[in-house]
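Observations on the model geometry
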Amino acid sequence: MTTTKIYGACPHDCPDTCGVITEVEQGRAVKFYASSDHPITAGWLCAKVRPYLDHVYHPDRLLHPLRRSGAKGGGEWQRISWAEALGEIGERWRAVIDQHGAEAILPYSYSGTLGAVQMGITSGRFWNRLGASQLERSICGAAAEMAVNHTLGVRQSQSYHDVVQSKLVIIWGHNPVSTAPHFMPHLRKAQKDGCKLVVIDPRRTRTAQSADIHIAPKPATDGALALGIAHIIVNADLHNEAWLAANTVGWPELRARLAEYAPERVAAITGISAETLSELAHLYATTQPALIKIADGLQRHPNGGQTVRCILTLPALTGQYGVRGGGLAYSTSGYVQWDDDAVNKWAECPPPGRRVNMNRLGAALTGEVTDPPIQSLYIFGANPAAVSPNAGLIRQGMLRDDLFTVVHELFMTDSAELADIVLPATSQLEHTDLHKSYGHTVLTYNQQAIAPLGESRSNWDVMRMLAAEMGFEEPWLRDSAETVIGELLTATAQSIPALQGMTRDRLEREGSVQLLFTPDVPFADGCFPTPSGKVELFCNRLAAHGIDPLPTYVSADDDGGVNGQSQWRKRDSLNLISGAAHHFTTSTFANQDALVAREGEPFVEIHPDDAADRRIRHGDTVVVENGRGSAELIARVTDAVCPGVVASPKGRWARQHDGRNINWTTPDALGDLAGQSTFHTNRVWIRKRES
Ligand SMILES: Nc1nc2c(c(=O)[nH]1)N[C@H]1C(S)=C(S)[C@@H](COP(=O)(O)OP(=O)(O)OC[C@H]3O[C@@H](n4cnc5c(=O)[nH]c(N)nc54)[C@H](O)[C@@H]3O)O[C@H]1N2
Ligand SMILES: Nc1nc2c(c(=O)[nH]1)N[C@H]1C(S)=C(S)[C@@H](COP(=O)(O)OP(=O)(O)OC[C@H]3O[C@@H](n4cnc5c(=O)[nH]c(N)nc54)[C@H](O)[C@@H]3O)O[C@H]1N2
Ligand code: SF4
Ligand SMILES: [Mo]
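Residues numbered from 1 in each chain as written. Chains lettered and ligands numbered in written order. Predicted model: local features only at pLDDT ≥ 70, side-chain atom pairs only at ≥ 80, totals over all residues. Heavy atoms only, no water.

With respect to empty space enclosed by the protein
Cut-off, in case you're wondering: Any residue with an atom within 4 Å of a point lines the site, the site being either a cavity, points on a 1 Å grid over the protein atoms alone where a 1.4 Å probe fits but cannot get out, or a pocket, an open set with protein on both sides within 12 Å along at least 5 of 7 lines. Grid points are joined across faces, edges and corners, and a volume is the space filled by probe spheres set on the points. Starting at the N terminus, helices and strands are each numbered in turn, a helix being any DSSP run of H or I of at least four residues and a strand any DSSP run of E of at least two. Basically, the charged four are Asp, Glu, Lys and Arg, the nonpolar ten are Ala, Val, Leu, Ile, Met, Phe, Trp, Tyr, Cys and Pro, and anything else, Gly included, counts as polar.
The final tally for this structure, using the stated rule, is seven cavities of 30 Å³ or more. Space inside the largest cavity adds up to approximately 130 Å³. At three residues, the largest contribution of residues to the lining of the largest cavity is made by strand β25 (residues 630-637). Counted by class, the lining of the largest cavity contains eight nonpolar, three polar and six charged residues. Taken as a whole, the second largest cavity holds about 100 Å³ of empty space.

Rendered as structure tokens:
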């Protein structure tokens, strides 16, 4: 029997963007494993994606279009053909457009795949041509992105490999053991060579377990923590005055601001003692190269953008930007930005529709967005009813009788369950795509390995069919994925020398190509692509938005959605953080039995003191609730969280439990920068469930 080996890319929301190989026999994928020549993947995959063929050939895959036949959410479906599905969508949309205009249609997509075609272009071209509402894509890391771009000018990071040069690594509000696993072997090597590891996280995560020092501040107080460390460094005269003078704007103003962050005040805000603050400040200022590694979990708070700005001051104070093994590791997204016009075709489309913030989906569907109201929702590569904030309100909105909802999915998710029409989607093995990464600079190609299962169709193929249904004749709505990739590479290469001469053929042949940038350590040439060319400690562009131009700490709070009702006593409440689960990628994989078994029952971690106050014992079923909603979880009584803080990972499917999950409690308030989500400033009350 002939076996074909096909190069692919892991499409999931993870900075590692692994190279993978699928072995195909007689049209069926029989083996799936890591590519050994991918410089980041290096021959191994994480626990989630190793059993990927169970995902692809899952017995619950949706294989043909469905039309709702009973009440919304009632679970009754009728099989229909693609022609019927497309005809019905076209007919409903034409009626919506006639009555309300195209902005009454809202596409909602996010991170089911990170591919340039199946997510990037599929979220742009067709919808722009239609004139639909624009989705403000701010659920994940919008505030950090804005903070970094305004302070440093660009999101760039040195290679994972360079951490072996570090003598100190501070992993700050980030859990790479679960969320960036291919960073870890390099960090372990550095640790063997004597590098010290500090982890700053209110929860003792898997990453914190291997730290030399674990610091657990109160949630959303990291801005004060960073400025407090800066205060101590400057008071001890350990800062690099020459570097600051040459490379920053606003140092005198920041210095004056730091006076407000004396150790005693910072200790009271953060819950970290003045001695520990001093120890950390001295360690950071005297051990070099020192790397601060952050991700996005840290900034999902009402003050998250300024928190990141505060942290970004530290490598400037010590002159660590541009140093191999030092500085900041956040994201590599700024190296390659796909050519905006190739993605979106703005010039050939009507003016962009009004923006709807994805974090306000429930509110938007229930009255916040009018003129026109949202009359149709098209979801693909996302599962908002399970993973977007204030999920109960999203469900309520999606149950609206006059809302026409289409969900394009691999599985009958919490969101698909609420659709009028469900369309079957391909998995990564069944379509072509191109992937850049937010953790490294390797381009990874995904060649289609097997035919689509059943009648499933890729995102891009569905857009092409919808374009035909709506009578759009532009060639850029008809081209194959392969043609689109070629066009994207050529257009993007015009502004990015590292891409010059890059072809789709080469990528298909080699699977992955390491892109090289000069300097390879960002900012090593002293250039910061901000308006001033320097690190903007003081930022006029933020001032122009009415935002404090200096890094600042503002306290963050949430009322739990209780509107001052007196039965919810503030002093009995806890702050819930809900970060990444180890065995799922948000809600993806949370329907795979073997992974669910490894993750265990949906749980909430609670400190022994808080548990005792509530007569909760380890293993009890508890109700986690607030004014927005509730979820039932199993209590894990543990000192992995501090008193006052509880933790429960994101990603469970409500429909597999009691119809609810942790996002029924999370806030849909927006953060300080870029309309950011604020999942982790979440006031909840916890009680034992009556039996
Ligand atoms: N296994 C797995 N991997 C994933 C994902 C997943 O769901 N599962 N999700 C992917 C996605 S979408 C993303 S955006 C990335 C996110 O990657 P990370 O940012 O690394 O992951 P999170 O768990 O969201 O957040 C990191 C940590 O922030 C901590 N945290 C929360 N609030 C605060 C705070 O106020 N201060 C401090 N210091 N820490 C705080 C949480 O306890 C958590 O441990 O991971 C990606 N990778
Ligand atoms: N409580 C809490 N909630 C959170 C977070 C948190 O920290 N706490 N983090 C937030 C963050 S950072 C993020 S990025 C979001 C992620 O939220 P989402 O982007 O909604 O991610 P998933 O939950 O993984 O849902 C992706 C869906 O896409 C489907 N899919 C996969 N590939 C394809 C495809 O090719 N085509 C189509 N049509 N569908 C496909 C998958 O089956 C899956 O159901 O979640 C957010 N939710
Ligand atoms: S989820 Fe991340 S670590 Fe796992 S295979 Fe995909 S890219 Fe690699
Ligand atoms: Mo994310």
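Focus on the packing of aromatic side chains
Heads up, the rule is: Centres within 6.5 Å make a pair out of two Phe, Tyr or Trp rings, where for Trp the six-membered ring is used; the pair is then stacked when the planes are under 30 degrees apart, edge-to-face when over 60, and tilted otherwise. Buried means the residue's accessible area, taken with a 1.4 Å probe over protein chains only, is under 20% of the maximum for its type, while exposed means over 50%, and partly exposed covers the values in between.
This model, assessed by the stated rule, comprises 17 aromatic pairs. An angle of 65° between the planes, with centres 5.7 Å apart, marks the rings of W93 and W127 as edge-to-face. With W93 in helix α2 (residues 82-100) and W127 in helix α4 (residues 125-130), this residue pair connects regions lying 34 residues apart in the sequence. For the pair W93 and W127, a shared accessibility class is recorded, and that class is buried.

What to know about the site of ligand 3
So the rule is basically this: Each residue is tested against the molecule or strand, and it is near if at least one of its non-hydrogen atoms lies within 4 Å. To be counted as sitting in a cavity or pocket, a molecule needs more than half of its atoms within 2 Å of that site's grid points.
Neighbouring residues of ligand 3: C10, C14, D16, T17, C18, L45, C46, K48, V49, P181 and H182. For ligand 3, the cavity whose grid points lie within 2 Å of the majority of its atoms is the second largest cavity. Of the residues that constitute the shell around ligand 3, the class distribution is seven nonpolar, two polar and two charged.

Some words on the pattern of salt bridges
Here is the rule: Salt bridge, as used here: a side-chain nitrogen of Lys or Arg that lies within 4 Å of a carboxyl oxygen of Asp or Glu.
For the structure on display, the rule yields 34 salt bridges. Put simply, E469 and R94 hold a salt bridge, and the shortest N to O gap is 3.1 Å. Note that E469 is positioned in helix α18 (residues 459-469) and R94 in helix α2, a separation of 375 residues in sequence. When its relative accessible area of 37% is taken as the criterion, R94 is described as partly exposed. Bridged by salt links that share partners, the residues R68, K72 and D420 form one connected network.

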